[in-house]
Amino acid sequence: MPALAVEWLELAARWLHVVAGVVWIGTSFYFTGLDLGLREPEESDPDLEGELWEVHGGGFYRVSKYDVAPPRMPQELQWFKWEAYTTWLSGAALLVLVYYLGADAYLLGRDATIGATAGIAIAAGAVVGGWLAYEAVCRTPIVERPGTLAAIGLVAATAAAFLLSQVLSGRAAYIHVGAAIGTMMAANVFFVIIPAHRDLVDAVEEGREPDAARARDASRRSRHNNYLTLPVLFLMISNHYPVAYEHPQGWLILGALAALGGWIRHYFNLRHRGRDRPWILATAAIGFVAVALFAARGTGRGGPSGDLAGAGAGGDEAVAFEEVRAVIASRCATCHSADPVDELFDAPPAGIAFDTPEQIRSRAGKIYEVTVASRVMPLGNLTDMTEEERALVGRWARRVEAGR
């Protein structure tokens, strides 16, 4: 398939994925807040569990929830499912377009000893296997202990990130842990929540008691999805931040940030119940700073003045620009050029080209960031950039940035 066609398909799939995800997560947040915020009905009605008054869009709303079901079904009933299905389907399309069709560049690690086919099998297997493992645990008594289940899930996600990073790129490891969580969430909707809702509707129409166990399980899975939203959002945007996924302990950073996401979500769920705990947000902020400091220690990037410290052997030794330009021409400009020679690209990625001295010098800091600090470039190191070349570029970039 032509590279330009793949790029447009990626754009369409990513756009759809973001829009569908916004709608899905938005409805999840709204209904969780609604459910937790229910208060005693102002008018006595034994069929009602609670109600909530809201103001929005220039008007007042009075929302009521039935304890089980209304005496009769309305003519029209709004279902919430395609948001989840569309998010998952578009995400699966992105995995294929970006990571599987571009396995050599995006999926495999720099020192991978396996081929693209094996890498794809491992990656896809991790997504399916993660969901199956989650489903198996949910069928045990552990599901009745949310704290224990959350701890098991966090350890499992962190371990999965570690194992995947041994054979896949750090970026791919993060995305596939996120894809596994997203698959769990979508499967909860498809296999548990919607079937329970259908049983509830059928029971009302047939005049029988609905299956209480299925209703409880659906409610429980909805809570799981709610707590997973912030961790999965972090993982979906993580490909923009090599400072996390390219860190030597990137798997540990993943686990820490996922835990912080769940912790922040817990704050909002408590607040919906009328229990404000601002110290939760404070501890989450402290935790985030601690993770950032840990990541900085791992890369030797302690701040603006230290970003280019330790750029390689040779200290402040001058480096001829022509030497650096030759390295960039052979290792970077195969893609980052007005006319890329790499068949994966019809145009320079992100519009960044290194065809002229001015284009190279103006991005010295960024070149250092991606080739020396995070080592995320060249993608998959397909152009075989050596350690000596990275050190050379690092020394040059340090002097350029110091002279700005």
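Presented here is a report on the structure given in the accompanying data block. (Residues numbered from 1 in each chain as written. Predicted model: local features only at pLDDT ≥ 70, side-chain atom pairs only at ≥ 80, totals over all residues. Heavy atoms only, no water.)

**Here we look at the overall build of the protein**
On a plain count of helices and strands, the protein comes out with 14 helices and 2 strands. Per-residue burial for the protein yields a buried fraction of 43% across its 404 residues. In the protein, the proportion of contacts linking residues at least 24 apart, taken out of those at least 6 apart, comes to 66%. Surface exposure of the protein reaches about 22000 Å², of which carbon and sulfur atoms provide 62%. Side-chain charges in the protein split into 35 positive and 44 negative, and the spacing between the mean points of these groups amounts to 5 Å. (Helix = DSSP H or I, 4+ residues; strand = E, 2+ residues; numbered from the N terminus. Buried < 20%, exposed > 50% of the residue type's maximum accessible area, 1.4 Å probe, protein only. Contact = heavy atoms within 4.5 Å. Areas by Shrake-Rupley, 256 points an atom, 1.4 Å probe, with all protein chains shown as cover. Lys, Arg positive; Asp, Glu negative; His and termini not counted. Charge placed at Lys NZ, Arg CZ, Asp CG, Glu CD.)

**Observations concerning the pairing of strand β1 (residues 48-56)**
As paired elements, β1 and strand β2 (residues 59-66) share 8 bridges and run antiparallel to each other. Looking at the pairing, leucine 52 lines up with valine 63 of β2. Counted between consecutive antiparallel strands, the loop separating β1 from β2 contains 2 residues, among which glycine 57 sits at a positive phi close to 60°. (Pairing = 2+ DSSP bridges.)

**Section: a nonpolar patch on the surface**
A cluster of nonpolar side chains, Leu4, Trp8, Leu11, Trp15, Val19 and Val23, forms an exposed patch at the surface whose accessible area comes to about 650 Å². Checked against the element boundaries, valine 19 lands in helix α1 (residues 3-36). Valine 19 gets classed as partly exposed once you look at its relative accessible area, which sits at 41%. (Patch = residues over 30% accessible without salt bridge, like charges linked within 9 Å, V, L, I, M, F, W, Y side chains within 5 Å. Salt bridge = Lys/Arg side-chain N within 4 Å of Asp/Glu carboxyl O.)

**Some thoughts on the pattern of salt bridges**
Across all of its chains, the model carries 12 salt bridges by this definition. In this structure, the salt-bridge partner of glutamate 49 is lysine 65, at a minimum N-O distance of 3.7 Å. Linking glutamate 49 in strand β1 with lysine 65 in strand β2, this pair joins segments that are 16 residues apart in sequence. Take glutamate 49: its relative accessible area is 40%, and that puts it in the partly exposed class. Residues glutamate 51 and arginine 62 are paired through a salt bridge, measuring 3.0 Å at the closest nitrogen-oxygen approach.

**With respect to the nonpolar core**
Ranked by size, the top nonpolar core spans 52 residues in total, and within it Tyr99, Leu107, Tyr174 and Val177 carry the most contacts. The element contributing the most residues to this core is helix α6 (residues 170-206), with 13 residues. When residues no more than four places from it in sequence are discounted, the contact partners of leucine 107 are Tyr99, Tyr100, Gly102, Gly119, Ile120, Ala123, Leu168, Ser169, Ala172 and His176. Formed by 19 residues, the second largest nonpolar core is a distinct cluster that contains Ile367, Tyr368, Met385 and Trp396. (Core = buried A, V, L, I, M, F, W, Y, C linked by side-chain atoms within 4.5 Å.)

**Focus: unusual backbone geometry**
With a phi close to 60°, aspartate 384 is a non-glycine residue in the positive phi region. Within the secondary structure, aspartate 384 is located in the loop between α13 (364-373) and α14 (387-402).

**A closer look at the environment of proline 41**
Tracing the chain through its elements places proline 41 in the loop between α1 and β1. On the basis of relative accessibility, which here comes to 12%, the residue proline 41 falls in the buried class. In this structure, the C-alpha to C-alpha distance between proline 41 and leucine 52, residues 11 residues apart in sequence, is 8.1 Å. The contacts of proline 41, once residues within four sequence positions are left out, are Leu48, Glu49, Gly50 and Glu51.

**A closer look at α6**
Compared with the 54 Å implied by 1.5 Å per residue over 37 residues, the 53 Å span of α6 between its first and last C-alpha is a close match. Considering bend angle alone, the principal kink of α6 is centred on valine 189 and spans about 35°. Counting buried positions along α6 yields 28 of 37 residues, so the element is predominantly enclosed. At the exit of α6 stands glycine 207, carrying a positive phi of roughly 70°. (Expected span 1.5 Å × (residues − 1). Bend = angle between axes of the 7 residues up to and from the residue.)

**Concerning the packing of aromatic side chains**
Counted under the stated rule, the structure contains 13 aromatic pairs. Each ring, one from tyrosine 85 and one from phenylalanine 190, has its centre 5.5 Å from the other, and the planes form 70°; the classification is edge-to-face. Placement of tyrosine 85 in helix α2 (residues 82-100) and of phenylalanine 190 in helix α6 is noted, with a sequence separation of 105 residues between them. Between tyrosine 99 and tyrosine 106, the aromatic rings sit 6.4 Å apart at their centres with planes inclined by 70°, giving edge-to-face as the arrangement. Here tyrosine 99 and tyrosine 106 have matching classes, each one buried. An aromatic cluster is defined as three or more aromatic residues linked by ring pairs; in this entry it consists of Trp82, Tyr85, Trp131, Phe190 and Phe191. (Phe/Tyr/Trp six-rings, centres within 6.5 Å; stacked < 30°, edge-to-face > 60°.)

**Points about the packing of helix α5 (residues 146-165) against helix α9 (residues 250-272)**
In contact at an axis separation of 8 Å, α5 and α9 are set at 150° when each is read in the N-to-C sense. Regarding the angle of α5 to α9, the classification is roughly antiparallel. Here the hand of the crossing between α5 and α9 comes out right-handed. Side by side, α5 and α9 meet where Leu154, Ala157, Thr158, Ala161 and Phe162 of the first sit next to Trp251, Leu252, Leu254, Gly255, Ala258 and Ala259 of the second. Grouping the amino acids of the contact of α5 with α9 by side-chain chemistry returns 9 nonpolar, 2 polar and no charged. (Axes fitted to C-alpha atoms, helices over the stretch in contact; angles between N-to-C directions. Parallel < 35°, antiparallel > 145°, perpendicular 65-115°, else oblique. Left-handed = near helix turned anticlockwise from the far one by under 90°. Nonpolar A, V, L, I, M, F, W, Y, C, P; charged D, E, K, R; others polar.)

It is worth stressing that arrangement in space is one thing and function is another; only the former is reported here.
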